[in-house]
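# Reading the structure
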Amino acid sequence: MKPAPFRYHAPETLEEALDILAEDPWEAKILAGGQSLIPAMNFRLAQPTILVDLNRLAELAYVEATDDGGLRIGAMTRQAVVERDALVAERAPLLRETMPHIAHPQIRNRGTFGGSIAHADPAGELPTVALVLDATLCARSRDGGERTIAVGDFFFGLLTTALEPGEVLTEVILPAPTPRTGWAFDEMARRHGDYALVGVAAAVTLAGDGRCTDARIGLLSVGEGPVLAEAAAGALIGEELSEALVIEAAELAAEADIDPPADLHASAEFRRHLVRVLVRRVVHRAGDRALAGASG
Ligand code: FAD
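All of the points below concern the structure found in this document. (Residues numbered from 1 in each chain as written. Predicted model: local features only at pLDDT ≥ 70, side-chain atom pairs only at ≥ 80, totals over all residues. Heavy atoms only, no water.)

## Focus on the overall build of the protein
The test is simple: The numbering of helices and of strands both runs from the N terminus, where a helix is a DSSP run of H or I of at least 4 residues and a strand a run of E of at least 2. Values of the radius of gyration come from C-alpha atoms, whereas the globule rule sets the reference at 2.2 Å times the count of residues to the power 0.38. Relative accessibility decides the category of a residue: with a 1.4 Å probe and only protein chains considered, values under 20% of the type maximum give buried, values over 50% give exposed, and everything between is partly exposed. What makes two residues a contact is simply this: any of their non-hydrogen atoms within 4.5 Å.
For the protein, the helix and strand inventory stands at 11 helices and 14 strands. Its C-alpha atoms give the protein a radius of gyration of 19 Å, near enough to 19 Å, the size a compact globule of 296 residues would have. Seen along its three principal axes, the alpha-carbon backbone of the protein occupies a region of about 60 × 45 × 30 Å. For the protein, with 296 residues in total, the buried portion stands at 52%. The contacts in the protein between residues at least 6 apart in sequence include a share of 63% that link residues at least 24 apart.

Structure follows, in structure tokens:
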């Protein structure tokens, strides 16, 4: 199918883009990499009458170090750039480990970091990783100016975020890694590059005596948006990561933290099974990396 008719704008600056969006914020859609929006328009699942293409906005494509050891990633940075960036590998190794799981190289060459987060697909890897890394999202609109949104307040549900009509996600800020934190990501998909049936990202911080002082476990494809497995993480905090404890946490993630959907691809029970297996695997790997004092 072909998309419904629309007016196309390709502004050269963010200010210009914000002005166009503000003219009719409910009808306008932002075009980033187009890897989700264009198929949706071709199927007429999305029918914006105005398309504002951000691809000329070099000002939104960057990876920068922050003075406190964190990172700023511009929304229009291509996924493939994030995947290969040395600063990302050093300061956000969880992100580095996750990137190759997103779709295929051709899609990552076009798809953007910010587009993936703004799209808020429950099967998307980046919303869940942003949650685990406790990201801050920066947004701009002509009338509302600039604001920051904590990631915990950003995802509202299926393909829905705190972004208002006319608002552009401009930047994602990732805090500095806490010392003795280990990270890991894994997912199960029918074929490499397919959307995951279930994915798990974790960050685990250990004290010098081996006790867990902080844990964040994020799940994808198990609900209407990215899910933080709070019961599972709570079970780990204050304890040593014994095999029995990690099994208990994985059980809590599968039974208490989620109410997974059943669809063509997997039953709810199969998704719970995958959560059990992947949480065990990922928490072990993150814990081992934290013990090794490595940040990867
Ligand atoms: P677009 O498609 O351009 O936009 C998506 C939505 O976000 C639109 O509503 C748009 O208006 C909005 N938007 C984009 N940028 C902004 C912004 N800066 N501010 C406000 N709103 C904005 N993704 C995965 O996560 N995992 C996968 O396994 C995966 N597999 C894929 C397989 C295939 C075959 C294809 C075609 C896509 C797949 N994707 C997957 C999607 C891909 O990662 C997309 O690139 C991503 O979801 C959207 O990024 P984009 O830059 O292409 O955004």
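## Considerations on the nonpolar core
Put simply, the test is: Remark: nonpolar core denotes a set of buried residues (Ala, Val, Leu, Ile, Met, Phe, Trp, Tyr, Cys) joined through side-chain atoms within 4.5 Å.
Of all hydrophobic cores here, the largest spans 39 residues; its most connected members are Leu95, Ile117 and Leu174. Contributing elements (two or more residues each) for this core: strand E5 (71-74), helix H5 (93-98), helix H7 (113-119), helix H8 (125-132), strand E6 (136-141), strand E10 (168-174), strand E11 (181-188) and strand E12 (198-206). Broken down by element, this core gets its largest block of residues, 5 residues, from H8. Non-local contacts of leucine 174, meaning those with residues more than four positions away in its chain, are made with Gly70, Leu71, Ile73, Ala92, Leu95, Leu133 and Ala135. With 33 residues, the next largest nonpolar core counts Leu197, Leu245, Val275 and Val279 among its residues.

## Quick word on the site of the ligand
Convention followed: Proximity is defined per residue: any heavy atom of the residue falling within 4 Å of a molecule or strand makes that residue near it. The definition of a polar contact used here is a pair of N or O atoms within 3.5 Å, where within protein one atom must be able to donate a hydrogen and the other to accept one, and adjacent residues in sequence count solely through side-chain atom pairs. Note that accessible areas follow from Shrake-Rupley with a 1.4 Å probe, and for residues the cover is restricted to the protein chains shown. Ten residue types, Ala, Val, Leu, Ile, Met, Phe, Trp, Tyr, Cys and Pro, are classed as nonpolar, four, Asp, Glu, Lys and Arg, as charged, and the remainder, Gly among them, as polar.
Among the 29 residues in the neighbourhood of the ligand, the closest are listed as Ile30, Gly34, Leu37, Thr112 and Glu125. Within the contact set of the ligand, an oxygen atom lies 2.7 Å away from a backbone nitrogen or oxygen of glycine 34. Contacts to the ligand include leucine 37, whose backbone N or O atom sits 2.7 Å from an oxygen atom. Contact with the protein chains hides 88% of the accessible area of the ligand, taken as 970 Å² for the molecule alone. Of all the secondary-structure elements, those providing two or more residues to the shell around the ligand are strand E2 (28-31), H7 and E10. The element contributing the most residues to the shell around the ligand is H7, with 4 residues. Of the residues contributing to the shell around the ligand, the split by class is 13 nonpolar, 12 polar and 4 charged.

## Points about the sheet that holds strand E1 (residues 7-9)
Within a sheet, neighbouring strands are paired by backbone hydrogen bonds and run either parallel or antiparallel to one another. For clarity, the cut-off: The rule for pairing is simple: two strands pair if DSSP sees at least two bridges between them. Fitted lines through C-alpha atoms serve as axes, helices being fitted only where they are in contact, and the angles separating the N-to-C directions of these axes extend from 0 to 180 degrees.
Overall, parallel pairing links the 3 strands, which are arranged E1-E3-E2 in an open sheet. One side of each edge strand has no neighbouring strand; the edge strands of this open sheet are E1 and E2. Direction aside, the axes of adjacent strands within the sheet are offset by 25° on average. In the sheet, E1 pairs with strand E3 (residues 50-53) via 3 bridges, with the strands oriented parallel. When the bridges of E3 are listed, arginine 7 appears paired with isoleucine 50. Running over the sheet, helix H1 (residues 14-23) touches E1, E2 and E3 and is turned about 170° from E3.

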